[in-house]
Amino acid sequence: MRPAPRTAHCLCALLAACFLAGCAIEPKLSDKHTLYIDSWTKRGNPEVYVEPLKAPPAPVSALVVPFQVTQDIAGSQELGEQLTRVVWQAWTRDRVFPKLLFEANLRNGTTPQAVALARKMGLDVVIVGKFTYVMSGGTRGDSGVSFTFDVIDVRSGERLWSMAHAGTMETGLTEDYIIFARKNRMPLDPLSAITSTLAGDMGGPMTKWNYGYKAPPPAGPNPVPPAPAPTSGAGY
């Protein structure tokens, strides 16, 4: 039994429409991928204003007190304590001092008070400092930190180290390509990330000093190779 002519015509028309629709489809890149690059701290080298001439006879212990924030901003004391804690954590991680304590309660203490407290606790040095610049842009804006600190001998009152450092972290621009986009990814807490990086840079020289590290002497010239042994000239 053959199909009715009307049914056959409808079936042919449907097949033709599907064929033409298939020929008209063009491939499209509708789903563009995003490549995220972690933002990094842009900085130079730490500024060293005072440094000791020789290493101590034994590694010294230290007390860190909250650094002051010199800017007139809300919550400056809490911010100073928070960022100083980051410095303390970075130096504890890197073993800059074999014993490193943090006294968070001495927010508004003077340098003589910090020296007296460290001496009472039986420690060798006290570290006092200031955050001279803090700019917080969160995860959508640029951030920056700069701070300075002094390491003071609690017995003599001598300033052993004086250093300063600064760094910024920029959000950057989204670079849009044909098949993907490149975008910077900020950390959840840029200020802490910047401060930790700066503290790591500044702790390096103090670690070498505290543990008596000495660079190896430069390599001398290679020795002259020995002259070849004289031969008698006789055959075998």
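Residues numbered from 1 in each chain as written. Predicted model: local features only at pLDDT ≥ 70, side-chain atom pairs only at ≥ 80, totals over all residues. Heavy atoms only, no water.

## Here we look at the overall build of the protein
- Across its full length, the protein holds four helices and eleven strands.
- Just so you have it, the protein exposes about 15800 Å², and 58% of that area is on carbon and sulfur atoms. (Helix = DSSP H or I, 4+ residues; strand = E, 2+ residues; numbered from the N terminus. Areas by Shrake-Rupley, 256 points an atom, 1.4 Å probe, with all protein chains shown as cover.)

## As for the nonpolar core
- With 35 residues, the main nonpolar core has Trp 91, Phe 97, Ile 127, Phe 131, Phe 147, Phe 149 and Met 206 as its most contacted residues.
- Contributions of two or more residues to this core are made by β4 (62-64), α2 (76-93), β6 (100-102), β7 (125-135), β8 (143-153), β9 (159-169) and α4 (190-210).
- The biggest single contributor to this core is α4, with seven residues.
- Dropping the residues within four chain positions of it, Trp 91 is found in contact with Val 96, Leu 100, Ile 127, Phe 149, Ala 199, Gly 203 and Met 206.
- Judged by nonpolar contacts, the second largest core, of eleven residues, contains Ala 114, Val 115, Val 128 and Val 154. (Core = buried A, V, L, I, M, F, W, Y, C linked by side-chain atoms within 4.5 Å. Buried < 20%, exposed > 50% of the residue type's maximum accessible area, 1.4 Å probe, protein only. Contact = heavy atoms within 4.5 Å.)

## Observations regarding the pattern of salt bridges
- Under the counting rule described, the total for this entry stands at eight salt bridges.
- Its salt-bridge partner being Glu 78, residue Arg 107 comes within 3.5 Å of it at the nearest N-O pair. Here Glu 78 lies in helix α2 and Arg 107 lies in the loop between β6 and α3 (111-120), a separation of 29 residues in the sequence.
- Owing to a relative accessible area of 28%, Arg 107 belongs among the partly exposed residues under this scheme. (Salt bridge = Lys/Arg side-chain N within 4 Å of Asp/Glu carboxyl O.)

## Some remarks on the packing of α2 against α4
- The contact between α2 and α4 brings their axes to 8 Å, and the two run at 45 degrees. When the axes of α2 and α4 are compared, the pair comes out oblique. Judged by the sense of rotation from one axis to the other, the crossing of α2 with α4 is right-handed. Contacts from Leu 79, Gln 82, Leu 83, Val 86, Val 87, Ala 90, Trp 91 and Arg 93 of α2 reach α4 at Leu 191, Ser 192, Thr 195, Ser 196, Ala 199, Gly 203 and Met 206.
- When grouped by side-chain class, the residues that make up the contact of α2 with α4 number nine nonpolar, five polar and one charged. (Axes fitted to C-alpha atoms, helices over the stretch in contact; angles between N-to-C directions. Parallel < 35°, antiparallel > 145°, perpendicular 65-115°, else oblique. Left-handed = near helix turned anticlockwise from the far one by under 90°. Nonpolar A, V, L, I, M, F, W, Y, C, P; charged D, E, K, R; others polar.)

## Topic: the packing of aromatic side chains
- The tally for this structure, following the rule as stated, stands at six aromatic pairs.
- Taking 5.2 Å as the distance between ring centres and 70 degrees as the angle between the ring planes, the aromatic pair formed by Trp 91 and Phe 149 counts as edge-to-face. Remark: Phe 149 occurs in strand β8 and Trp 91 occurs in helix α2; sequence separation between them is 58 residues. When sorted by exposure, Trp 91 lands in the same class as Phe 149, which is buried.
- Through a chain of ring-to-ring contacts, three or more aromatic side chains come together here, namely Phe 67, Phe 131 and Phe 147. (Phe/Tyr/Trp six-rings, centres within 6.5 Å; stacked < 30°, edge-to-face > 60°.)

## Concerning the side chain of Thr 84
- The residue Thr 84 is located in helix α2 in this model.
- With residues up to four places along the chain from it excluded, the contact list for Thr 84 reads Val 64, Val 65, Pro 66, Phe 67, Phe 102 and Phe 131.

## Looking at α4
- Between its first and last C-alpha atoms α4 spans 30 Å; for 21 residues at 1.5 Å apiece the expected length is 30 Å, and the two agree.
- Of all the bends found along α4, the most pronounced is centred on Gly 203 and spans about 30 degrees, while Pro 205, a proline, follows it within four residues.
- Backbone geometry just downstream of α4 places Gly 212 in the positive-phi region, at approximately 70 degrees. (Expected span 1.5 Å × (residues − 1). Bend = angle between axes of the 7 residues up to and from the residue.)

## Examining α2
- In a regular helix each residue adds 1.5 Å, so 18 residues correspond to 26 Å; α2 covers 26 Å between its end C-alpha atoms and thus fits that length.
- Those residues of α2 that sit buried are Leu 79, Gly 80, Glu 81, Leu 83, Thr 84, Val 86, Val 87, Ala 90 and Trp 91.
- Where α2 terminates, the next one or two residues include Arg 95, which has phi positive at roughly 55 degrees.

## Things to note about unusual backbone geometry
- Positioned with a positive phi, Arg 95 is a non-glycine residue whose angle comes to about 55 degrees.
- Looking at the element boundaries, Arg 95 is found in the loop between α2 and β6.
- Overall, the relative accessible area of 46% leaves Arg 95 in the partly exposed class.

Bear in mind that shape data such as this cannot, by itself, settle questions of function.
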